[in-house]
Amino acid sequence: MKTISDNLQEIKSDIPDNITLVAVSKTRSDEEIMQIYQAGHRVFGENKVQELIAKQKSLPKDIEWHMIGHLQSNKVKYIAGFIDLIHSVDSFNLLKIINKEAKKNNRLINCLLQIHIASEHTKFGFSIKDVEEILSSDEFALLQNVKITGLMGMATFTTDNEIIRKEFRYLRSCFKLLKESYFSDDSEFKELSMGMTNDYNIAIEEGSTIVRIGTLIFGERNYK
Ligand SMILES: *Cc1c(COP(=O)(O)O)cnc(C)c1O
């Protein structure tokens with residue numbers, strides 16, 4: 001039978017070296033996570049604060065933790081001391097709170113702005129217009145302890161690849177527009193977090209720099 005680290009190796013051989021693979025470890029045990037940690041993997045993504053802090057406590061300290069799920073502003077304080085990248089910034093208020101908590105911890109926290117690209121109403125995220133308003137505001141210019149390193153998006157949950165491709169292409173066009181208008185060419189604004197188990201191939205074709213993959217590495221999730 002194929003092991004978790006076999007799955008990891010297979011995916012890694014399938015994606016270009018310059019793409020960051022976030023192993024999405026939500027609902028997985030420390031033992032499962034350690035199987036690919038021991039194979040050398042260090043970047044893991046979680047979507048719930050409680051689960052994230054428990055794992056950060058019990059697992060090796062050189063793991064790079066990414067927050068990929070909706071983040072409530074009252075919970076930022078629990079992760080501000082260690083989080084490496086927050087993919088899911090979906091309100092200006094949240095960004096300001098992250099800045100405040102980062103400052104308390106004497107840190108600079110890397111953030112992605114989540115753009116709403118799917119047709120479903122349930123998914124969180126900004127419109128491109130929201131983001132332009134934030135980036136051009138005086139208030140944003142004052143935030144010293146957060147760094148916007150790119151965008152994140154989730155495509156519609158569908159088997160229609162053309163819909164998925166269109167949404168990723170749109171996200172890429174948002175990224176280009178924002179980079180040209182608000183960031184210099186050599187700035188840290190360089191990441192496009194898009195692509196999961198079912199759509200990472202399309203995402204990579206459309207310019208993804210970070211893929212977030214759970215099921216294909218660890219198997220189907222059993223939600224308790
Ligand atoms: C769960 C999750 C993933 C991974 O999904 P898989 O289909 O298991 O690869 C990626 N991104 C986010 C935001 C998630 O919540």
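The model shown is predicted, which means the values in this text are computed figures rather than measured ones.

Student: Help me understand helix 1 (residues 4–14), please; the structure alone is not making it clear to me.
Tutor: The α-helix advances 3.6 residues per turn, and as a result positions three or four apart in sequence lie on the same side. Every buried residue of helix 1 is accounted for by Ile4, Asn7, Leu8 and Ile11. Around the axis of helix 1, the buried residues are gathered within 100° of arc, so they sit on the same side. Elements in contact with the buried residues of helix 1: strand 1 (20–24), helix 2 (30–37), strand 8 (210–213) and helix 10 (215–218).

Student: It is not clear to me how the packing of helix 6 (residues 128–135) against helix 8 (residues 161–182) should be interpreted in this structure. Could you clarify?
Tutor: Packed helices, taken two at a time, are described by the angle their axes make and the gap between the axes. Between helix 6 and helix 8, the shortest axis-to-axis distance is 11 Å and the interhelical angle comes to 20°. One way to sum up the angle between helix 6 and helix 8 is to call them roughly parallel. Handedness of the helix 6/helix 8 crossing: right-handed. Residue-level inspection shows Ile128, Val131, Glu132 and Leu135 of helix 6 in contact with helix 8, the latter providing Tyr170, Cys174, Leu177, Leu178 and Tyr182. Across the contact of helix 6 with helix 8, the residue classes tally to eight nonpolar, no polar and one charged.

Student: What is the right way to look at the site of the ligand in this model?
Tutor: Around the ligand, the neighbouring residues are Val24, Lys26, Ile68, Met154, Met196, Thr197, Arg212, Ile213, Gly214, Thr215 and Arg221. One of the side-chain N or O atoms of Arg212 is found 2.9 Å from a nitrogen atom in the ligand. One nitrogen or oxygen atom from the main chain of Gly214 is found 2.9 Å from an oxygen atom belonging to the ligand. Relative to its unbound accessible surface of 380 Å², the ligand loses 91% to contact with the protein.

Student: In this structure, what is going on with the pairing of strand 6 (residues 146–153)? I would like to understand it.
Tutor: Most of strand 6 is tucked away, with seven of its eight residues classed as buried. Across seven bridges, strand 5 (residues 109–115) lies against strand 6 in parallel orientation. Its bridge partner being in strand 6, Asn110 is matched across the sheet by Lys147. You can see the chain leave strand 6, run along helix 8 and come back into strand 7 (residues 191–193), and the turn it takes is right-handed.

Student: Sorry, what's going on with the pattern of salt bridges here?
Tutor: Pairing is possible between side chains that carry opposite charge, provided their charged atoms lie close to one another. This model, assessed by the stated rule, comprises 12 salt bridges. A salt bridge links Arg165 to Glu205; the shortest N-O distance between them is 2.8 Å. Of this pair, Arg165 sits in helix 8 while Glu205 sits in helix 9 (residues 200–205), placing them 40 residues apart in sequence. Glu205 gets classed as exposed once you look at its relative accessible area, which sits at 55%. Glu206 is the salt-bridge partner of Arg169, the closest N and O atoms lying 2.9 Å from each other. With Arg169 in helix 8 and Glu206 in the loop between helix 9 and strand 8, the pair connects residues that are 37 residues apart, well separated along the chain. Of the residues examined, Arg169 reaches a relative accessible area of 47% and is grouped as partly exposed.

Reading the values: the criteria
Residues numbered from 1 in each chain as written. Predicted model: local features only at pLDDT ≥ 70, side-chain atom pairs only at ≥ 80, totals over all residues. Heavy atoms only, no water. Buried < 20%, exposed > 50% of the residue type's maximum accessible area, 1.4 Å probe, protein only. Helix = DSSP H or I, 4+ residues; strand = E, 2+ residues; numbered from the N terminus. Arc of directions from axis to C-beta. Contact = heavy atoms within 4.5 Å. Axes fitted to C-alpha atoms, helices over the stretch in contact; angles between N-to-C directions. Parallel < 35°, antiparallel > 145°, perpendicular 65-115°, else oblique. Left-handed = near helix turned anticlockwise from the far one by under 90°. Nonpolar A, V, L, I, M, F, W, Y, C, P; charged D, E, K, R; others polar. Near = heavy atom within 4 Å. Polar contact = N/O pair within 3.5 Å; in protein donor to acceptor, adjacent residues only side chain to side chain. Areas by Shrake-Rupley, 256 points an atom, 1.4 Å probe, with all protein chains shown as cover. Pairing = 2+ DSSP bridges. Right-handed = clockwise from strand over helix to strand, strands pointing away. Salt bridge = Lys/Arg side-chain N within 4 Å of Asp/Glu carboxyl O.

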